Structure formats: C-alpha cells, structure tokens
Amino acid sequence: MILIVLKTKIRPEKRDDWLAGIKEYTAAVRQEPGNVSFDYFESADDPNEFAVIEVFADGDAGAAHVATEHATKFFAWMPAIISAKPLINYQDLDGEAWSEMAEVSPE
C-alpha cells in the first residue's frame, strides 16, 4: 500500500483555477485501477493551502499513476498555480494504509 500526503500552497488569484483543476484531476485519479482513494482538503487556517491524500494498492499502481496522461498534464499545469514548492510525505506500507483510531469511538 502506498500512502502519499501532498501539501501545497496556491496563488490566491489562481484559486478558482486550482479548484476546477483538482476536481477534474481527482475524478480521473479515482478511475485508475490501482487507486484506493484520492481526496483533497483545504486548510482551516489558510484558504490557499491544500492537502492531497492519495492511497494506491502498491508501488506498481503508484508508478502507473504518475505515468498517466492526466497526471503528466496536471504536473505540467501546477507550476502556474502554486506559490511554493509542494511538500510530500510518501509512505510504502505493508498491509493497509488506514486502521481504526483506538482513542475514539462513536457513542
């Protein structure tokens, strides 16, 4: 299982472009055979900072992802949208990427 968390800051004047682009990209990535999940979130403190959380079945699925046409186009498009180099946390995990949190359960 591959877990990737990407943190990126976008240019304020490009916010609408970013929201349209990431929405389209999310839909495409979710259709990939090796994709387990793909979501993006806006920072609670900065409306121009986003986190992207991606999970792929394995390293082969991750490699196939970056070779797709939509990923290649998205990566080429991003430099005009971002205001700083994105930060990435890449984890190659054995087993599942997610497990239940022990400290909290619903009532």
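Structure: above.
Our focus in this paragraph is the nonpolar core. Trp-18, Ile-22, Tyr-25, Phe-38, Phe-56 and Phe-74 are the most contacted members of the largest nonpolar core, which has 18 residues in total. Elements that contribute at least two residues to this core include exactly strand E1 (2-9), helix H1 (15-30), strand E3 (49-56) and helix H3 (69-77). Of the residues forming this core, the biggest block, four residues, is contributed by H1. With near-sequence residues (within four places) excluded, Phe-38 lies in contact with Ile-22, Tyr-25, Thr-26, Val-29, Arg-30, Val-52, Ile-53 and Glu-54. Counting residues in each nonpolar core, the second largest holds five residues, with Met-1, Leu-3, Val-55 and Ala-97 among its members.

By the secondary structure assignment, Glu-32 is in the loop between H1 and strand E2 (35-42). An unpaired buried charge is present at Glu-32: no salt bridge exists, and Arg-30, the closest side chain of opposite charge, is 11 Å distant. Reaching out from Glu-32, the side chain makes a polar contact with the side chain of His-65 at a distance of 2.9 Å. Those residues in contact with Glu-32 that lie beyond four places of it in its chain are Phe-56, His-65, Thr-68 and His-70.

What counts, and where the lines are drawn
- Throughout, a residue's number is its position along its own chain's written sequence, starting from 1.
- A pLDDT threshold of at least 70 governs which residues receive local features in this predicted model, and a stricter bar of 80 or more applies before side-chain atom pairs are shown or counted, although totals over entire chains, interfaces and linings include all residues.
- To get the side-chain values, all heavy atoms of the structure are used, and hydrogens and water are removed first.
- Buried residues of nine kinds, namely Ala, Val, Leu, Ile, Met, Phe, Trp, Tyr and Cys, make up a nonpolar core once their side-chain atoms join them within 4.5 Å.
- When a residue's accessible area, from a 1.4 Å probe over protein chains only, is under 20% of the maximum for its type it is buried; when over 50% it is exposed; and in between it is partly exposed.
- Numbering of helices and strands runs from the N terminus, with a helix taken as a DSSP run of H or I at least four residues long and a strand as a DSSP run of E at least two residues long.
- Contacts were defined at the residue level, with two residues in contact if any of their heavy atoms lie within 4.5 Å.
- For the purpose of counting charges, residues Lys and Arg are taken to be positive, whereas Asp and Glu are taken to be negative. His and the chain ends are not included.
- By convention in these notes, a salt bridge is any Lys or Arg side-chain nitrogen within 4 Å of a carboxyl oxygen on Asp or Glu.
- In protein, a polar contact requires one atom able to donate a hydrogen and another able to accept it; more generally it is a pair of N or O atoms within 3.5 Å, and residues adjacent in sequence count only if both atoms are side-chain atoms.

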